[in-house]
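Coordinate inspection notes
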Amino acid sequence: MALAEIRKRISDACARAGRSERNVELIAVSKVQPEDRVRAALDQGQTVFGENRVQEAQGRWIPLKQEFPATRLHLIGPLQTNKARGAMDFFDVIQTVDRPKLATTLARLAQERGACPTLFIQVNTGEEPQKAGISPGEADAFIAACRALDLPVEGLMCIPPEGEEPSLHFALLAKIARRNDLPGLSMGMSGDFESAIAQGATAVRVGSAIFGARVPA
Ligand SMILES: *Cc1c(COP(=O)(O)O)cnc(C)c1O
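Residues numbered from 1 in each chain as written. Predicted model: local features only at pLDDT ≥ 70, side-chain atom pairs only at ≥ 80, totals over all residues. Heavy atoms only, no water.

1. A look at the layout of surface pockets
A volume near 550 Å³ is recorded for the largest pocket. Of the residues belonging to the lining of the largest pocket, the class tally is 11 nonpolar, nine polar and seven charged. Asn-52, Arg-53, Val-54, Gln-55, Glu-56, Pro-78, Gln-80 and Lys-83 together form the lining of the second largest pocket. Partitioned by chemical class, the residues of the lining of the second largest pocket number two nonpolar, three polar and three charged. (1 Å grid on protein atoms, 1.4 Å probe; cavity = no way out; pocket = protein on both sides within 12 Å on 5 of 7 lines; lining within 4 Å. Points joined across faces, edges and corners; volume = space filled by probe spheres on them. Nonpolar A, V, L, I, M, F, W, Y, C, P; charged D, E, K, R; others polar.)

This is how it looks when you write it as structure tokens:
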């Protein structure tokens, strides 16, 4: 397990960018990883994890959180509106607010529950038809609409297209966040987190570089 090495690379990337490593959170993406690998990370003090499916995350983390109550969980995969309530009850952060219908559902449930997880808006920076996220051209209006619904939007998240230079997408995401006064930038994965940190990432989502290749169930 390469957690210590990844922390070191994050710290070096912060130093190169003249940034404090306290401003870059490492989200260990534990989706589809065997439990022994996840436990090894918990034993090394990792507290923040990312999962992409609500039910899988609940199956793994309801028991593990009893042992490791400081754990904080981020939902980084697409969220269907019929699973929104369960996701809000379970996750500390939902990173994938990507469409008006989901935003209005979250707002209604937040009113009912009197609480809402921290939210990130996913932006489809590559405008890929098969990928979730609001398009860059609609992002400003969508951010404003989420704010009008009183949703606690902290920042933006993106997944750059395969085979394209990721730093262009990170720069675009950072620009949209800046002009909308959003402090959070969730960007950078195993292959490109150092470049994301150079562009201002406040959270990097790293899976296989920490845990090894994902083992299908
Ligand atoms: C799986 C996943 C990651 C982690 O990917 P790695 O390349 O294994 O680091 C990060 N973000 C999202 C949204 C993912 O689905």
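From this point, the discussion proceeds with the structure in view.
2. Details of helix 5 (residues 100-113)
The terminal C-alpha atoms of helix 5 lie 20 Å apart, and with 14 residues this matches the ideal 20 Å at 1.5 Å per residue to within 8%. Residues of helix 5 that are buried sit in contact with helix 4 (84-90), strand 4 (93-97), strand 5 (118-122) and helix 6 (136-148). (Helix = DSSP H or I, 4+ residues; strand = E, 2+ residues; numbered from the N terminus. Expected span 1.5 Å × (residues − 1). Contact = heavy atoms within 4.5 Å.)

3. A closer look at the site of the ligand
Val-29, Lys-31, Ile-76, Met-157, Ile-159, Met-189, Ser-190, Arg-205, Val-206, Gly-207, Ser-208 and Arg-214 make up every residue found near the ligand. Lys-31 is positioned with one of its side-chain polar atoms (N or O) 2.6 Å from an oxygen atom of the ligand. Given that more than half its atoms are within 2 Å of the pocket grid, the ligand belongs to the largest pocket. Residues that form the shell around the ligand fall into these classes: six nonpolar, three polar and three charged. (Near = heavy atom within 4 Å. Polar contact = N/O pair within 3.5 Å; in protein donor to acceptor, adjacent residues only side chain to side chain. Sits in = over half its atoms within 2 Å of the grid points.)

4. A closer look at the pattern of salt bridges
Summed over the entire model, instances satisfying the criterion amount to 14 salt bridges. The salt bridge involving Glu-35 is made with Arg-39; its shortest N-O contact spans 3.0 Å. Residue Glu-35 and its partner Arg-39 are located together in helix 2 (residues 35-43), separated by four residues, close to a single helical turn. Residue Glu-35 is classed as partly exposed on the basis of its relative accessible area of 36%. Note that Arg-60 and Glu-51 form a salt bridge whose closest N and O atoms lie 3.5 Å from each other. A relative accessible area of 15% means that Arg-60 is categorised as buried. The exposure class of Glu-51 is buried, given its relative accessible area of 2%. Overlapping salt bridges bring together Glu-5, Arg-9 and Glu-194 as one network. (Salt bridge = Lys/Arg side-chain N within 4 Å of Asp/Glu carboxyl O. Buried < 20%, exposed > 50% of the residue type's maximum accessible area, 1.4 Å probe, protein only.)

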